[in-house]
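Observations on chain architecture
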Amino acid sequence: MQRSDLPAPETGFVITHFLVVDDQDAARDFYARVLGAEPVVQRDPVILKVANTWLILNVGGPPTDDKPDVTLAVPADPNLVSAFMNIRVADITAFHRQTTAAGAQWLTPPMDRGGEIRGYIRDPDGHLIEVGQATGLLDMIDE
């Protein structure tokens, strides 16, 4: 492992995404299989390098002294969402085919929404992941 494999910048900052999971191994394997994530740390917490970012996966737990009123838990109702990952791809048709073959279950096939083609998948704990390909949105940008 090299320093660049970890979300530990020497200057400035990086943004990672933390997900509470019930089973670290199942979640790690899902992200490795479906998104090609590279495990940097295997457990407690799992740290995955995914494309140009990192995912941190850890089990939930009770409040701690640095977050005294916060309990970490997987989504109680996966149909109520306040945040989700957003993955932008160059070719959503190929990505849909590849991830479906790897075991991802899409809520619907990707749909053309005018400015983009997008669809959604869930991880084993119910976290929502939006996948989109910019189409007409690109025409709205002045160069």
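Attention here is on the structure that accompanies the text.

1. Observations regarding the overall build of the chain
The helix and strand inventory of the chain stands at 2 helices and 8 strands. Reading the helices (α) and strands (β) of the chain from amino to carboxyl end gives β-α-β-β-β-β-α-β-β-β. Looking at the chain as a whole, 31% of its 143 residues are labelled buried. Pairs at least 24 apart in sequence give 51% of the contacts found in the chain among residues at least 6 apart. Carbon together with sulfur atoms contributes 53% to the accessible area of the chain, which is approximately 8900 Å² in total. Distance between charge centroids for the chain: 3 Å, based on 11 positive and 21 negative side chains.

2. Points about the pairing of strand E2 (residues 38–41)
Bridge analysis of E2 against strand E3 (residues 46–50) gives 3 bridges, and the strand direction is antiparallel. Bridging across to E3, Glu38 finds its partner in Lys49.

3. Some thoughts on the pattern of salt bridges
By the definition in use, this model includes 7 salt bridges. A salt bridge links Arg88 to Glu130, with the nearest nitrogen and oxygen atoms 3.5 Å apart. Placement of Arg88 in strand E5 (residues 85–88) and of Glu130 in strand E8 (residues 128–134) is noted, with a sequence separation of 42 residues between them.

4. Comments concerning the nonpolar core
Core analysis: the biggest nonpolar cluster contains 24 residues, and Tyr31, Leu48, Leu57, Ile129 and Val131 have the highest contact counts within it. Contributions of two or more residues to this core are made by helix H1 (24–35), E3, strand E4 (53–58), E5, helix H2 (92–101) and E8. Top contributing element to this core by residue count: H1, with 5 residues. Contacts of Val131, omitting those with residues within four sequence positions, involve Ile87, Val89, Ile92, Phe95, Trp106, Ile117, Arg118 and Gly119.

5. Looking at the sheet that holds strand E6 (residues 111–112)
Pairing is mixed in the open sheet, where 4 strands are placed in the order E5-E8-E7-E6. Each of the sheet's edge strands pairs with one partner strand only, and the pair in question is E5 and E6. In this fold H2 packs onto strand E7 (116–122) and E8, with an angle of close to 150° to the strand it touches most, E8.

Cut-offs used in this document
Residues numbered from 1 in each chain as written. Predicted model: local features only at pLDDT ≥ 70, side-chain atom pairs only at ≥ 80, totals over all residues. Heavy atoms only, no water. Helix = DSSP H or I, 4+ residues; strand = E, 2+ residues; numbered from the N terminus. Buried < 20%, exposed > 50% of the residue type's maximum accessible area, 1.4 Å probe, protein only. Contact = heavy atoms within 4.5 Å. Areas by Shrake-Rupley, 256 points an atom, 1.4 Å probe, with all protein chains shown as cover. Lys, Arg positive; Asp, Glu negative; His and termini not counted. Charge placed at Lys NZ, Arg CZ, Asp CG, Glu CD. Pairing = 2+ DSSP bridges. Salt bridge = Lys/Arg side-chain N within 4 Å of Asp/Glu carboxyl O. Core = buried A, V, L, I, M, F, W, Y, C linked by side-chain atoms within 4.5 Å. Axes fitted to C-alpha atoms, helices over the stretch in contact; angles between N-to-C directions.

Bear in mind that shape data such as this cannot, by itself, settle questions of function.
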